[in-house]
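Single-letter residue listing:
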Amino acid sequence: NAGVTQTPKFQVLKTGQSMTLQCAQDMNHNSMYWYRQDPGMGLRLIYYSASEGTTDKGEVPNGYNVSRLNKREFSLRLESAAPSQTSVYFCATKRGLAGSYNEQFFGPGTRLTVL
Amino acid sequence: AQSVTQLDSQVPVFEEAPVELRCNYSSSVSVYLFWYVQYPNQGLQLLLKYLSGSTLVKGINGFEAEFNKSQTSFHLRKPSVHISDTAEYFCAVTMTGGGNKLTFGTGTQLKVEL
């Protein structure tokens, strides 16, 4: 089992360009999350999906959109990239009911640089 | 609202020495606490968690943490560290009814030296 996979691993964009970060899981988990990690700031939640067909904003949603394509896949889109979106992006999943306190499982991350 | 404070951004320690990484939280309701570890260029993985019951929680790789409600703390400890423990450690909290949202601390970089 691959667990949680993310593509691409690295990406360089110019300001104003768009791109989609892909996340897929083979763990049959209901909940999926997108975080960004910045030095000295820990991880901050961008968007999450408690179940297939639902998405909700997290702490820092501005400039991003998400799609829960099916149970396995949860994508993050930057419509017009800005240098402030330079970060490492992590996808995570969680088993069980939407409000459960189970652990989250993280992908390896996507390192994005916006010039 | 919930928040987590990790006051130490970096903790250097010699191999085989004990270590404590500090975590304090703020919440007005019952909390559920987690410690995650991130090795270089990898995602996070769970070390241990406190949901209820015994306040001393044991995790993987010889780590343990103690939930102290009166001091609103959840410090991580290991009696003897190894070079392979060099990593960044994150404390995280969620509260009753907030199972979908983990709030992470800013992380503590543990550097184990020979």
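In this report, we go over the structure that sits alongside the text. (Residues numbered from 1 in each chain as written. Chains lettered and ligands numbered in written order. Predicted model: local features only at pLDDT ≥ 70, side-chain atom pairs only at ≥ 80, totals over all residues. Heavy atoms only, no water.)

## Focus: the overall build of chain B
- Helix and strand counts for chain B come out as 0 helices and 12 strands.
- Reading the helices (α) and strands (β) of chain B from amino to carboxyl end gives β-β-β-β-β-β-β-β-β-β-β-β.
- A globule of 114 residues ought to have a C-alpha radius of gyration of about 13 Å, and chain B, at 14 Å, matches this closely.
- Dimensions of chain B along its principal axes, counting C-alpha atoms only, are 45 × 30 × 20 Å.
- Residue burial in chain B is summarised as follows: out of 114 residues, 46% are buried.
- For chain B, contacts bridging at least 24 residues in sequence account for 58% of all contacts bridging at least 6.
- Accessible area of chain B: about 5,400 Å², with a carbon and sulfur share of 51%. (Helix = DSSP H or I, 4+ residues; strand = E, 2+ residues; numbered from the N terminus. Rg over C-alpha atoms; globule rule 2.2 N^0.38 Å. Buried < 20%, exposed > 50% of the residue type's maximum accessible area, 1.4 Å probe, protein only. Contact = heavy atoms within 4.5 Å. Areas by Shrake-Rupley, 256 points an atom, 1.4 Å probe, with all protein chains shown as cover.)

## With respect to the state of the cysteines
- Enumeration according to the criterion identifies 2 disulfides over all chains in this entry.
- Each disulfide pairs two cysteine sulfurs, and for Cys23(A) the partner residue is Cys91(A), the sulfurs being separated by 1.9 Å. With the S-S dihedral at roughly -70°, the linkage between Cys23(A) and Cys91(A) falls on the left-handed side. Of the two residues, Cys23(A) is situated in strand β3 (residues 19-25) and Cys91(A) in strand β9 (residues 87-94); the sequence distance between them amounts to 68 residues. Comparing Cys23(A) with Cys91(A), the two get one shared label, buried.
- Residue pairing for Cys23(B): its cysteine sulfur links by disulfide to Cys91(B), the two sulfurs lying 2.0 Å apart. Measuring handedness by torsion sign, the sulfur bridge of Cys23(B) and Cys91(B) sits at about -65° and is left-handed. Here the residue Cys23(B) occupies a position in the loop between β3 (19-21) and β4 (24-26), and Cys91(B) occupies one in strand β10 (residues 87-95), the gap between them amounting to 68 residues. Across the pair, exposure class does not vary: Cys23(B) and Cys91(B) are buried alike. (Disulfide = S-S within 2.5 Å.)

## Let's talk about the nonpolar core
Residue and element names in this part refer to chain B.
- If you look at the biggest cluster of nonpolar residues, it comprises 28 residues, and the most contacted ones within it are Trp-35, Leu-48, Leu-76 and Tyr-89.
- Those elements giving two or more residues to this core turn out to be β2 (10-14), β3, β5 (31-38), β6 (44-50), β8 (64-68), β9 (73-78), β10 and β12 (108-113).
- Non-local contacts of Tyr-89, meaning those with residues more than four positions away in its chain, are made with Gln-6, Leu-21, Trp-35, Tyr-36, Val-37, Leu-47, Phe-63, Leu-76, Gly-107, Thr-108 and Leu-110. (Core = buried A, V, L, I, M, F, W, Y, C linked by side-chain atoms within 4.5 Å.)

## Observations regarding unusual backbone geometry
- The amide bond that connects Thr7(A) to the next residue, Pro8(A), takes the cis arrangement and shows omega of -5°.
- Tracing the backbone shows Pro8(A) in the loop between β1 (4-7) and β2 (10-13).
- Backbone geometry at Asn28(A) places phi at a positive 60°, although glycine is not the residue there.
- With respect to the helices and strands, the residue Asn28(A) is situated in the loop between β3 and β4 (31-38).
- In this structure, Glu16(B) is a non-glycine residue whose phi angle is positive, near 75°.
- Relative to the elements of secondary structure, Glu16(B) occurs in the loop between β2 and β3.

## Describing the side chain of Gln38(B)
- Examined against the element boundaries, Gln38(B) turns out to sit in strand β5.
- For Gln38(B), a relative accessible area of 10% corresponds to the buried category.
- Of the polar contacts made by the side chain of Gln38(B), one reaches the side chain of Gln37(A); its length is 2.9 Å.
- A polar contact of 2.9 Å, which involves the side chain of Gln38(B), links it to the backbone oxygen of Gln42(B).
- Sequence-distant contacts of Gln38(B), that is, excluding residues within four places in its chain, are made with Gln37(A), Phe90(A), Gly43(B), Leu44(B), Ala87(B), Glu88(B) and Phe90(B). (Polar contact = N/O pair within 3.5 Å; in protein donor to acceptor, adjacent residues only side chain to side chain.)

## Re the environment of Met27(A)
- Assignment of secondary structure puts Met27(A) in the loop between β3 and β4.
- Considered as a pair, Met27(A) and Lys71(A) are 44 residues apart in the sequence and their alpha carbons are 9.9 Å apart.

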